[in-house]
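Tertiary structure, described
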Amino acid sequence: GRVCPFMLRGKPLGPPRVWSAADWTPGLAVARSFGDSALAALGVSAVPEIGTYELDSSFDHVVLASDGVWDGITDDEAVAIVAQSARAGSPQAASAELCRRALVALHSATRKDNVTALVVTFASGTSRRAAAARSALSLMDTPAAVDAARA
């Protein structure tokens, strides 16, 4: 196999993808599921990368989000959004706002993607209980979907 962007009229188009050596297929840019072994022969690993991280009391939140969120907003923007929503005590509001802002930014850049965000908020004190919420939005081809995200 090989890894390179799709080429159109000699110019790269889009992100690097995994292709078979002889053809412009299958064109995998992002593995969509754990355990997907269809491209193992081309060097794509079906084994997820898993890590363990020790979080001390300085961590208030953890954000897990799809590439669509990170393509639409920066790390610093995400921190500000989560911090503002946390003052209201709502990981649900934080995850929804991350998705909403990412969707609007993607549309402004004439890009389309799905966005999903999970925000885990750690309670203060010794118990460090966690509250989590997930939001997901999809950018449709309709102006109404983007208008709804802007609202």
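Here is a short report on the structure shown in this document. Because the structure is a prediction, the values reported are computed rather than measured.

What about the overall build of the chain?
The helix and strand inventory of the chain stands at four helices and six strands. The N-to-C order of helical and strand elements in the chain reads β-β-β-β-α-α-α-β-β-α. Counting over 151 residues, the chain shows a buried share of 23%. Pairs at least 24 apart in sequence give 44% of the contacts found in the chain among residues at least 6 apart. Surface exposure of the chain reaches about 10,000 Å², of which carbon and sulfur atoms provide 56%.

Examining the packing of helix H2 (residues 75-87) against helix H3 (residues 91-108)
Close contact between H2 and H3 brings their axes to 8 Å; oriented N to C, the two are set at 145°. Judged by the twist between their axes, the crossing of H2 over H3 is right-handed. Across from Ala 78, Ile 81, Val 82, Gln 84 and Ser 85 in H2, the residues of H3 making contact are Ala 93, Ala 94, Glu 97, Leu 98 and Arg 101. Looking at the contact of H2 with H3 residue by residue, the class counts come to six nonpolar, two polar and two charged.

Here we look at H2
Helix length check: H2 (13 residues) gives 19 Å between terminal C-alpha atoms against 18 Å at 1.5 Å per residue, within 8%. Within the span of H2, buried status applies to Ala 78, Ile 81, Val 82 and Ser 85. Each buried residue of H2 sits inside an arc of 95° when the element is viewed along its axis, so together they form one side. H2 presents Asp 76, Val 79 and Arg 87 as exposed residues on the side facing more than 90 degrees away from its buried surface.

A short note on the nonpolar core
Val 69, Ile 73, Leu 98 and Val 115 are the most contacted members of the largest nonpolar core, which has 14 residues in total. For this core, the element with the most residues is H3, which contributes six residues. Non-local contacts of Val 69, meaning those with residues more than four positions away in its chain, are made with Ala 102, Val 115, Thr 116 and Ala 117.

Overview of the pairing of strand E1 (residues 2-8)
Across six bridges, E1 lies against strand E2 (residues 11-19) in antiparallel orientation. Bridged to Leu 8 within E2 is Lys 11. The turn linking E1 back onto E2 is made up of two residues, and Arg 9 within it adopts a positive phi angle of 55°.

Comments concerning the pattern of salt bridges
One pass over the full model with this rule turns up two salt bridges. Note that Glu 97 and Arg 100 form a salt bridge whose closest N and O atoms lie 2.7 Å from each other. Taken as a pair, Glu 97 and Arg 100 lie in helix H3 at a separation of three residues, close to a single helical turn. For Arg 100, a relative accessible area of 21% corresponds to the partly exposed category. Across the pair Glu 97 and Arg 101 runs a salt bridge, and its minimum N-O distance is 2.8 Å. Note that Glu 97 and Arg 101 are positioned in helix H3 at a spacing of four residues, about one turn of the helix. In this structure Arg 101 comes out as partly exposed when scored by relative accessible area, which is 35%. A cluster of three or more residues bridged by salt bridges with shared partners is formed by Glu 97, Arg 100 and Arg 101.

Rules used in this analysis
Residues numbered from 1 in each chain as written. Predicted model: local features only at pLDDT ≥ 70, side-chain atom pairs only at ≥ 80, totals over all residues. Heavy atoms only, no water. Helix = DSSP H or I, 4+ residues; strand = E, 2+ residues; numbered from the N terminus. Buried < 20%, exposed > 50% of the residue type's maximum accessible area, 1.4 Å probe, protein only. Contact = heavy atoms within 4.5 Å. Areas by Shrake-Rupley, 256 points an atom, 1.4 Å probe, with all protein chains shown as cover. Axes fitted to C-alpha atoms, helices over the stretch in contact; angles between N-to-C directions. Left-handed = near helix turned anticlockwise from the far one by under 90°. Nonpolar A, V, L, I, M, F, W, Y, C, P; charged D, E, K, R; others polar. Expected span 1.5 Å × (residues − 1). Arc of directions from axis to C-beta. Core = buried A, V, L, I, M, F, W, Y, C linked by side-chain atoms within 4.5 Å. Pairing = 2+ DSSP bridges. Salt bridge = Lys/Arg side-chain N within 4 Å of Asp/Glu carboxyl O.

Structural measurements only, silent on function.
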